[in-house]
Amino acid sequence: PRICDRNKKMSKSIVIGVDVGGTFTDIFALDESTGSVSVAKVPSTKGDQSIGFLSGIKAATSDFAAVSTIIHGTTVATNALLERKGAKAGIITTAGFRDVLEMRRRDRPTTWGLWGQFVPAIERQNRLEVAERTLANGEIIQAVDAQEIKEAAEKLLLQGCESVCLFFINGYANPENEANAAKTLRAVWPNDYVSVATEILPEIREFERCSTASLNAYLQPVVANYLARLEQRVGTEASEAEILIVQSNGGVMSVQTAKSLPVRTALSGPAAGVVAARQIAGAAGFDNIITGDMGGTSFDVSLVADGQNMLTAQASIDFGMVIRTPMIEMTTIGAGGGSIAHIDETGLLEIGPHSAGSDPGPVCYGLGNHEPTVTDANLVLGRIDARNPIGDKQKALDKDAALAAIQSKIATPLNIDVYEAAEAIIKVANAKMAGAIRLISIERGHNPKLFALMPFGGGGALHAGALMQDIGLAAAIVPRCPGVNSALGCVMSDLRHDEVRTMNVMLDTVDCENLVEIIDKITESSTKTVQQSNAKLVSVERIIELDMLYLGQTHSVAVQLSGDVVDVTKDAIRKAFEATYLKTYSRLLSDIPIRILNLRLSMIGVRPAINVGILAAGERAENSAECAIIDQPIFSGGEWHDAVIYDRLRLPQGTVIQGPALLVQADATIYVDPNLAATVDQLGNIIMKASESKR
């Protein structure tokens with residue numbers, strides 16, 4: 001079931017990627033000295049994810065002591081935000097601004113609705129005001145009083161707050177008041193859970209800065225405690241192993257940095273999957289892909305154009321919960337394998353957003369759930385081999401239980417056949433996933449015919465063919481280890497540290513020498529942060545960008561500068577801006593002054609590259625006939641089709657499998673639709689396209 005024998009002792013330098021999802025914890029282990037690979041997929045442990053984390057590693061390697069590095073994609077922060085299970089936190093802010101979190105951007109939960117409710121992560125009674133004032137030009141007209149800070153801190157502690165956020169208006173323009181208040185606050189606060197807005201996001205826009213800093217405070221005790229437990233558990237097995245945490249931008253950071261900046265770990269697991277997808281697709285000759293990560297709870301979509309990940313400066317994890325930090329741009333919907341199918345109040349079939357997760361899981365797991373899920377529907381339709389479920393499950397799936405649940409909950413209320421009901425569940429799920437893909441591609445001006453779909457996660461490859469055809473994509477590429485692709489991405493990720501400074505100056509008046517000085521200062525501190533890790537680095541690279549816009553505009557474009565900032569001039573910046581703006585909007589605006597809003601700098605600690613060719617290693621059969629396991633009928637398009645189940649990992653290079661068929665492996669199942677053909681490429685990927693007879 002694995003690419004190499006998990007019980008074979010791995011000698012030295014084992015690097016492990018761990019992605020904890022809502023249903024499964026995925027493990028990818030690489031022995032850098034031999035190039036051997038092992039994977040594992042175990043149920044996630046809801047109460048304490050570190051338990052499943054440790055058992056997953058032990059399932060992938062029996063030589064825990066040889067582990068040198070563990071790179072972890074975590075959902076602890078994301079779950080805490082979505083479920084509102086963060087710590088009790090407080091805010092100390094400028095007098096008159098305690099309600100910034102609730103005012104937001106005057107948006108509402110439903111665009112066309114007149115009513116909506118939003119409850120901030122930090123209660124109003126825990127948002128305290130102090131007298132201080134800094135103007136937008138950086139002039140301080142009222143210094144902060146240290147005694148007021150002490151009194152506010154004491155009050156928050158009496159109210160039971162574990163962490164605190166310090167946020168002063170216009171702190172980005174001059175951080176002096178915040179810095180003085182932070183010094184006083186840290187002297188009286190009993191732990192390290194103090195989030196200072198100008199240290200986390202020294203950038204213009206008061207709501208985004210307040211939201212990001214306050215959510216950091218909300219998450220800090222939860223994430224820090226989890227990471228402390230993780231370090232303790234790992235330390236008992238491999239005391240010298242270093243743990244790195246994946247960020248939302250696809251880079252990794254040290255545990256210490258993650259403890260102080262947990263807000264940067266939101267969506268870290270899905271981000272790692274995109275990193276792996278980009279490298280695998282590039283090696284296979286595809287520079288334009290759309291990734292679809294389908295786990296047990298959600299479906300995450302991202303786009304890679306011209307071999308580059310799409311980054312965004314901010315994202316909303318949930319309504320009103322805005323985080324402004326560089327992230328891989330992603331759209332997430334509640335359509336995973338464990339998403340529950342139900343009839344809504346209008347009598348229509350709906351999928352999600354609630355999920356059965358890993359406990360109790362789909363009905364077919366036999367752990368107490370009686371609500372049908374997407375996985376149950378795929379099983380009933382013959383698109384999953386009930387005898388060989390993915391992950392480390394010891395018993396076969398219960399198809400009869402899945403049939404009964406779909407019959408009682410869906411087929412009978414809709415007065416249709418149970419198999420038609422199961423196929424309807426899949427069609428609704430596919431429609432939701434296709435909508436998410438269109439949102440991030442077609443609605444952003446990308447031609448789907450120029451892109452291939454790369455599905456991964458435990459369920460992505462079951463729906464790839466339908467999504468590819470529905471949207472009109474060129475092909476679908478299923479990687480060698482789709483079920484643990486995000487864990488693989490953890491191993492592939494580089495160290496990264498991002499910084500931002502608000503400039504807010506016109507291009508015509510910018511002091512380029514001062515700009516270079518600021519860049520050099522940030523470079524020095526960011527390099528130290530990256531080098532805190534003991535991870536092996538090939539090099540340290542720098543990315544410099546300016547957020548620029550025409551005077552009077554609200555939205556900026558990210559203008560990348562040359563790494564050699566010594567030669568930066570106003571003319572060079574202007575040319576770079578015009579080239580970027582023209583590419584984005586297809587026209588320039590003449591005679592309008594140009595404004596530089598923010599400076600962004602990213603330091604990349606480049607880790608040793610992984611040759612994706614190692615994923616194709618393993619024993620292959622002489623021909624596809626030797627890989628055939630058993631015949632199994634598959635229901636598609638309202639009728640049954642004769643199909644064959646193949647052992648995917650043993651299929652020889654160049655094999656072409658005509659659909660319908662199932663290609664099975666330990667971490668995922670690939671469903672080849674009736675009118676598609678699947679080809680094994682030189683890297684072991686499965687390339688799905690329309691059959692020759694259908695073109």
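That block above? That's the structure.
Residues numbered from 1 in each chain as written. Predicted model: local features only at pLDDT ≥ 70, side-chain atom pairs only at ≥ 80, totals over all residues. Heavy atoms only, no water.

*Asks:* Even after reading the chapter, I still don't get the sheet that holds strand β9 (residues 163–167), so can you show me in this structure?
*Replies:* To summarise the sheet geometry, strands pair through backbone hydrogen bonds and adopt either a parallel or an antiparallel arrangement. Taken together, the 4 strands give an open sheet; going across it, the order is β6-β5-β9-β10, and neighbouring strands pair in parallel fashion. Two strands lie at the open edges of the sheet, namely β6 (127–130) and β10 (194–196), each paired on one side alone. Pairwise comparison of adjacent strand axes, ignoring direction, gives a mean angle of 20° for this sheet. Sheet strands in contact with helix α5 (residues 176–188) are β5 (89–94), β9 and β10, and its direction is about 160° off that of β9. Against the sheet, helix α7 (residues 206–237) contacts β5, β9 and β10, and its axis sits at roughly 165° relative to β9. (Pairing = 2+ DSSP bridges. Helix = DSSP H or I, 4+ residues; strand = E, 2+ residues; numbered from the N terminus. Axes fitted to C-alpha atoms, helices over the stretch in contact; angles between N-to-C directions. Contact = heavy atoms within 4.5 Å.)

*Asks:* Is there a simple way to explain the pairing of strand β27 (residues 557–561) in this structure?
*Replies:* Every regular strand shows the same layout, with side chains that alternate between the two sheet faces. Along β27, the buried face is formed by V557, V559 and L561; none of A558 and Q560, which line the opposite face, is buried. Between the antiparallel neighbours strand β26 (residues 539–550) and β27 lie 6 residues, among them G552 with a positive phi of about 100°. (Buried < 20%, exposed > 50% of the residue type's maximum accessible area, 1.4 Å probe, protein only.)

*Asks:* In this structure, what is going on with the packing of helix α1 (residues 49–60) against α7? I would like to understand it.
*Replies:* Think of two packed helices as two axes; the pair is described by the angle between the axes and how far apart they sit. In contact at an axis separation of 9 Å, α1 and α7 are set at 30° when each is read in the N-to-C sense. Classified by the interaxial angle, the pair formed by α1 and α7 is roughly parallel. Like other packed secondary-structure pairs, α1 and α7 cross with a definite hand, here right-handed. In this structure, α1 uses Q49, S50, I51, F53, L54 and K58 to contact α7, whose residues at the interface are Y226, R229, L230, R233, V234 and E237. Tallied by class, residues from the contact of α1 with α7 come to 6 nonpolar, 2 polar and 4 charged. (Parallel < 35°, antiparallel > 145°, perpendicular 65-115°, else oblique. Left-handed = near helix turned anticlockwise from the far one by under 90°. Nonpolar A, V, L, I, M, F, W, Y, C, P; charged D, E, K, R; others polar.)

*Asks:* Is there a simple way to think about helix α15 (residues 512–530) in this case?
*Replies:* For an α-helix the count is 3.6 residues per turn, leaving residues at separations of three or four pointing the same way. Counted at 1.5 Å a residue, the expected span for α15 with its 19 residues is 27 Å, and the 26 Å between its end C-alpha atoms agrees. Every buried residue of α15 is listed here: C512, L515, V516, I519, I522, T523, S526, T527 and V530. Along the axis of α15, the buried positions cluster into a sector of 135°, meaning they face one direction only. Among the exposed residues of α15, those pointing more than 90 degrees away from its buried face are E513, E517, K521 and K528. Of the surrounding elements, those touching the buried residues of α15 are β25 (495–506), β26, α16 (570–585) and β28 (594–606). (Expected span 1.5 Å × (residues − 1). Arc of directions from axis to C-beta.)

By themselves, these are just geometric observations and shouldn't be taken as functional.
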